[in-house]
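# Structural characterization, general
Spelled out from the first residue to the last, the chains are:
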Amino acid sequence: MSIELNPQQSEAVRATEGRYLVLAGAGSGKTRVLTERIAFLIREKKISTERILAFTFTNKAAAEMRARVGKSIGTQSPPFWVGTFHSTGLKILRREAKSIGFNNNFAIYDEDDSLNLIKDIVKKKGWKLDEYPPSILRNRISRWKNALVTPEEALEKAMDAVEELQADVYGRYCRELKKCNAFDFDDLITRVVELFTVNHRIKERYARQFKYVLVDEFQDTNTIQMVMIDMLASMHGNLFVVGDEDQAIYGWRGAAIENILHFDRLYENTVIIRLEENYRSTGNILEASNALIVNNIGRKGKRLWTRKEAGDPIRLYYCEDDGGEASSVRDAIMSLLRGGYGRNEIAVLYRTHAQSRALETAMMRGGLPYQIIGGVRFYERKEIKDLLGYLKLVNNPDDDVNFRRVINVPRRGIGKMTLEKLESTAGEKNLLSAVRQPGFMDEFTPSNRERIESFSKLIAALQLKAMKETAYEVLSSVIDMISYRNYLAEDPATEQVRSENVEELLNETKRFSAYSEDPSLAAFLEEISLISDVDSLKGEEKVALMTLHNSKGLEFRAIFITGLEEGILPHYSSFDSDQEMEEERRLFYVGMTRAKEKLFLLCASSRMQFGNWTGNHPSRFLGEIPDRCCLVSGRSQTVDKKEMDRIMDDADCPADHDETAARRDSRFRVGAAVFHPSYGEGTIKAVEGTGTAMKVSVNFTGYGTKKFLASYAPFTFR
DNA sequence: CGGAGTTGAATTTTT
DNA sequence: TTCAACTCCG
């Protein structure tokens, strides 16, 4: 990248007052603009650091931004506000929790904790879990929260009996959270907005403080985040947002692309700046990316250009199966390494985590060190969640969810029946405090009484430790006191991996306790509560494997994108919606534009999915990439790209030789009642196509009509 | 209460 | 294929 800022970048850095929408193409130096702008505010405009607020997409990006600004102004760690929406919300709530009736040592429930809470509520209502899948309820509740709908309003607006029950669960869920003195993920943002709405004095205090508000990755903000931004920038009106509508890939999570498309309509006098010079990729990569993305309709439009040379052609590999694809990737990486590439300059991207398995196998066979970002995430592993459960309970004794989680881990002879009795006897009280109430345990048999009380004493001892010792010391004590290592040894098959993970967690707390200003348990729990996968990407000498979503914001000298097949990228779920199809295209675009020098695209004609083989056609997106940028190779030498495109065009025709069960299955008929694990009850409205191409349209209450490929949709019939 | 064994369901992406 | 949840028995 050039040292000097180009004219557009320079304008974006120096024009400080008012509203700015910066449309920054991939690799156009947007991070640099953001950091230079903040440095400019501090250095030239003499703005005091705590009056600047910046939002980033990950914690890692936040840390980087702070470090880069620090470097630019010559301060170690300048204390301006920078973080994700969630971590900023958390920071505000820690200070203000009292005014909305929470104790400020509240816990943060991750997805798993909330799901357990919902399961528990459903069970207590006597419902069968498979009739009311907790994940559906969680989604529904999350949507209500993000739309700022209270449980009471949800109940009023309920259209049918099912929605009434869901609203009822929503109400109970909120009350339980309050009782456990906990916030869930959504609360970290919605509660701030709620607080600001109810209490104008507090809102104004923050709005006055933040003279300058900056937002990175603006295309992936959702409606409520926009409300939060608007509130925080309401006093001074200096709002600077940077984004790229072509890189919006979180629509499925509620990101509102309208935020960026209509920003200038929302705020009069918005200045729009376009950054279109790409400093990252070579000519061929850029040309191919441009050619791909023009196929999308919903965009503001810009065309990236570069001074760089065309560089190497994009390599296209047609492979026989996923194993062949994986070994092609590995062999190509080996040759890059011989050519002087570092392992950490290479990344392999895929659409779904499930694709990583074949890649891992190939990497292991080739003795190639790799690192998976995401997958079964570290903090979601059973052994980690068990230990964190203890830590959370010690930190917040009202945490009933984690009380239930750990009371019988390792087994203490407190089973289902005893726990149920404990809960019903406790009534409205929190479990641990109930147990500690004089006389409460009289209801129980002596052996149960003994077991529960010793658990309570164990927690009490740990609580005492947590008051004066570091997170590391508390965790070590937990592991010793419950003989957790012996417990892991009971299952030799998993012992090694699990012990390694436990040691890793210990190392993590040790590092934290040594370097953090506040080494306490509470501080540690807060730190890890919002951690994401990319945050853990260290500069290690390993090839990185990750999903396309996880690659956002990163860059590598060489990029491999695998599984470029119809049904994988684009994914099946996007087939019936133009908007979702465009999001798939953007996802591919994000992946391609991560590459600085070399880009490898791979597809396989068959793939092991779920224990059986499926035949796949090459992705339609490959047909959108100009031939002149590409060099095609692969096992089927006789089949060139044009031929593949032709085959792909035929994909909609019924494959008469390949009649699947779906075709013969007369259950797929209009009017049939089906059940889908994510959308619940639905009715088939239309059936079209035959064989593997057979699609069914299903109408779900609350979700509208969705279209599925019959042979893949996880339906059950009623 | 806890373990072994069986059954059935699952794969889209995650702050 | 793999994993979680459920059932049944000691």
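Residues numbered from 1 in each chain as written. Chains lettered and ligands numbered in written order. Predicted model: local features only at pLDDT ≥ 70, side-chain atom pairs only at ≥ 80, totals over all residues. Heavy atoms only, no water.

What surrounds DNA strand B is a group of 28 residues, the closest being His 86, Arg 351, Gly 413, Thr 418 and Phe 610. A share of 53% of the atoms of DNA strand B within 4 Å of the protein falls on sugar and phosphate groups. Here Asn 408 contributes a side-chain N or O atom positioned 3.1 Å from a phosphate oxygen of DNA strand B. Between DNA strand B and Thr 418, the relevant distance is 2.6 Å, taken from a phosphate oxygen to a side-chain nitrogen or oxygen of the residue. (Near = heavy atom within 4 Å. Polar contact = N/O pair within 3.5 Å; in protein donor to acceptor, adjacent residues only side chain to side chain.)

Turn by turn, an α-helix covers 3.6 residues, leaving residues three or four places apart pointing in a common direction. Within the span of helix α1 (residues 7-14), buried status applies to Gln 9, Ala 12 and Val 13. What you see down the axis of α1 is that its buried residues fit within an arc of 100°, all on one side. Among the structural elements, β1 (20-24), α2 (30-43), β7 (239-243) and β8 (271-275) are those in contact with the buried residues of α1. Two to three positions downstream of the cap, the backbone nitrogen of Gln 8 sits 3.1 Å from a side-chain oxygen, assigning the N-cap of α1 to Asn 6. (Buried < 20%, exposed > 50% of the residue type's maximum accessible area, 1.4 Å probe, protein only. Helix = DSSP H or I, 4+ residues; strand = E, 2+ residues; numbered from the N terminus. Arc of directions from axis to C-beta. Contact = heavy atoms within 4.5 Å.)

Let us look at the packing of aromatic side chains. Counting across every chain of the model gives 22 aromatic pairs. Look at Phe 55 and Phe 85: their rings are 4.1 Å apart centre to centre, the planes differ by 10°, and that puts the pair in the stacked class. With Phe 55 in strand β2 (residues 52-55) and Phe 85 in helix α4 (residues 85-96), this residue pair connects regions lying 30 residues apart in the sequence. Side by side, Phe 55 and Phe 85 carry an identical accessibility label, which is buried. Seen in terms of ring centroids, Phe 196 and Tyr 206 are 5.8 Å apart; in terms of plane orientation they differ by 40°. Their pairing is tilted. Residue Phe 196 is found in helix α9 (residues 187-198), and its partner Tyr 206 is found in helix α10 (residues 200-209); the two are separated by 10 residues along the sequence. An identical accessibility class is assigned to Phe 196 and Tyr 206; each is buried. Among the aromatic residues, those joined into a cluster by ring pairs are Trp 81, Phe 196, Tyr 206 and Phe 210. The residue whose ring lies beneath Lys 91 is Trp 81, and the NZ or CZ to ring-centre distance is 3.8 Å. (Phe/Tyr/Trp six-rings, centres within 6.5 Å; stacked < 30°, edge-to-face > 60°. Lys NZ or Arg CZ within 6 Å of the ring centre and 35° of its normal.)

Oppositely charged side chains are able to pair whenever their charged atoms sit close together. In total, this model carries 50 salt bridges according to the counting rule given. Put simply, Arg 205 and Glu 96 hold a salt bridge, and the shortest N to O gap is 2.5 Å. Taken together, the positions of Arg 205 in helix α10 and Glu 96 in helix α4 put the pair 109 residues apart, joining distant regions of the chain. Look at Arg 205 and you get partly exposed, because its relative accessible area is 41%. In this structure Glu 96 comes out as buried when scored by relative accessible area, which is 8%. (Salt bridge = Lys/Arg side-chain N within 4 Å of Asp/Glu carboxyl O.)

Let's shift gears to the pairing of strand β10 (residues 346-350). For β10, the buried fraction is high: five of the five residues fall into the buried class. What you see with β10 is no split at all: Ile 346, Val 348 and Tyr 350 on one side and Ala 347 and Leu 349 on the other are buried throughout. Pairing analysis gives four bridges linking β10 to strand β13 (residues 556-561), with the strands arranged parallel. Bridged to Val 348 within β13 is Phe 560. (Pairing = 2+ DSSP bridges.)

With that out of the way, let us pick up the side chain of Lys 385. With respect to the helices and strands, the residue Lys 385 is situated in helix α17 (residues 382-395). Classification of Lys 385 by relative accessible area gives buried; the value is 4%. At 2.7 Å, the side chain of Lys 385 and the side chain of Asp 110 are in polar contact.

A residue-level look at chain A finds 85% of positions with pLDDT of 70 or above and a mean pLDDT of 84. Here residues 635-665 is a poorly scored stretch, pLDDT under 50, and it has 38 contacts once near neighbours within four places are set aside; other chains count. (pLDDT = per-residue confidence, 0-100.)

Where helix α22 (residues 471-481) contacts helix α24 (residues 492-515), the axes come no closer than 7 Å and their chain directions differ by 155°. Considering the angle they form, α22 stands roughly antiparallel to α24. Contact residues: α22 offers Ala 471, Tyr 472, Leu 475, Ser 476 and Ile 479, while α24 offers Val 502, Leu 505, Leu 506, Thr 509, Lys 510 and Ser 513. Residue composition of the contact of α22 with α24, grouped by class: seven nonpolar, three polar and one charged. (Axes fitted to C-alpha atoms, helices over the stretch in contact; angles between N-to-C directions. Parallel < 35°, antiparallel > 145°, perpendicular 65-115°, else oblique. Nonpolar A, V, L, I, M, F, W, Y, C, P; charged D, E, K, R; others polar.)

As a further point, take the sheet that holds β2. The strands that make up a sheet pair up through hydrogen bonds in the backbone, lying either parallel or antiparallel. The sheet built from six strands is open, its strands ordered β3-β2-β6-β7-β1-β8 with parallel pairing. Only two strands of the sheet have a single partner each, and these edge strands are β3 (81-83) and β8. Between one strand axis and the next, the sheet turns through 10° on average, direction left out of account. Across three bridges, β2 lies against β3 in parallel orientation. Bridge pairing in β3 links Phe 55 to Gly 83. Contacting β1, β2, β6 (212-215), β7 and β8, α2 crosses the sheet at an angle of about 160° to β7.

Attention now goes to the nonpolar core. With 46 residues, the main nonpolar core has Leu 387, Phe 403, Leu 422 and Phe 455 as its most contacted residues. When residues in this core are grouped by element, the largest group, seven residues, is from α17. Each residue touching Phe 455, except ones within four places of it in the same chain, is listed here: Tyr 390, Leu 393, Phe 403, Val 406, Ile 407 and Arg 412. Residues Phe 106, Met 228, Leu 239 and Tyr 267 belong to the second largest nonpolar core, which totals 41 residues. (Core = buried A, V, L, I, M, F, W, Y, C linked by side-chain atoms within 4.5 Å.)

Taken as a whole and assessed by the stated rule, the structure comprises zero disulfides. Cys 174 takes part in no disulfide bond, and the closest cysteine sulfur, belonging to Cys 180, lies 12 Å away. Here Cys 630 stays unpaired: no disulfide links it, and the sulfur of Cys 629, its closest cysteine neighbor, is 5.6 Å away. (Disulfide = S-S within 2.5 Å.)

In contact at an axis separation of 10 Å, helix α14 (residues 283-293) and helix α26 (residues 578-592) are set at 170° when each is read in the N-to-C sense. Comparing the axis directions of α14 and α26 gives the class roughly antiparallel. Facing α14, whose interface residues are Ile 285, Ala 288, Ser 289, Leu 292 and Ile 293, α26 presents Arg 585, Arg 586, Phe 588, Tyr 589 and Met 592. Of the residues contributing to the contact of α14 with α26, the split by class is seven nonpolar, one polar and two charged.

Relative to the helices and strands, Leu 462 resides in helix α21 (residues 446-468). If sequence neighbours within four positions are ignored, Leu 462 has contacts with Val 394, Val 474, Ser 477, Val 478 and Met 481.

Here the focus is α17. For α17, which comprises 14 residues, the first-to-last C-alpha distance of 20 Å matches the rise-based estimate of 20 Å (1.5 Å per residue) to within 8%. Among the 14 residues of α17, 13 are classified as buried, and the element is accordingly described as predominantly covered. (Expected span 1.5 Å × (residues − 1).)

Relative to the assigned elements, Thr 35 resides in helix α2. Residue class for Thr 35 comes out buried when judged on its relative accessible area of 3%. Residues Thr 35 and Arg 66 lie 31 residues apart in sequence; the distance between their C-alpha atoms is 8.1 Å. Filtering out sequence-adjacent residues up to four positions away, Thr 35 remains in contact with Met 65, Arg 68 and Val 69.

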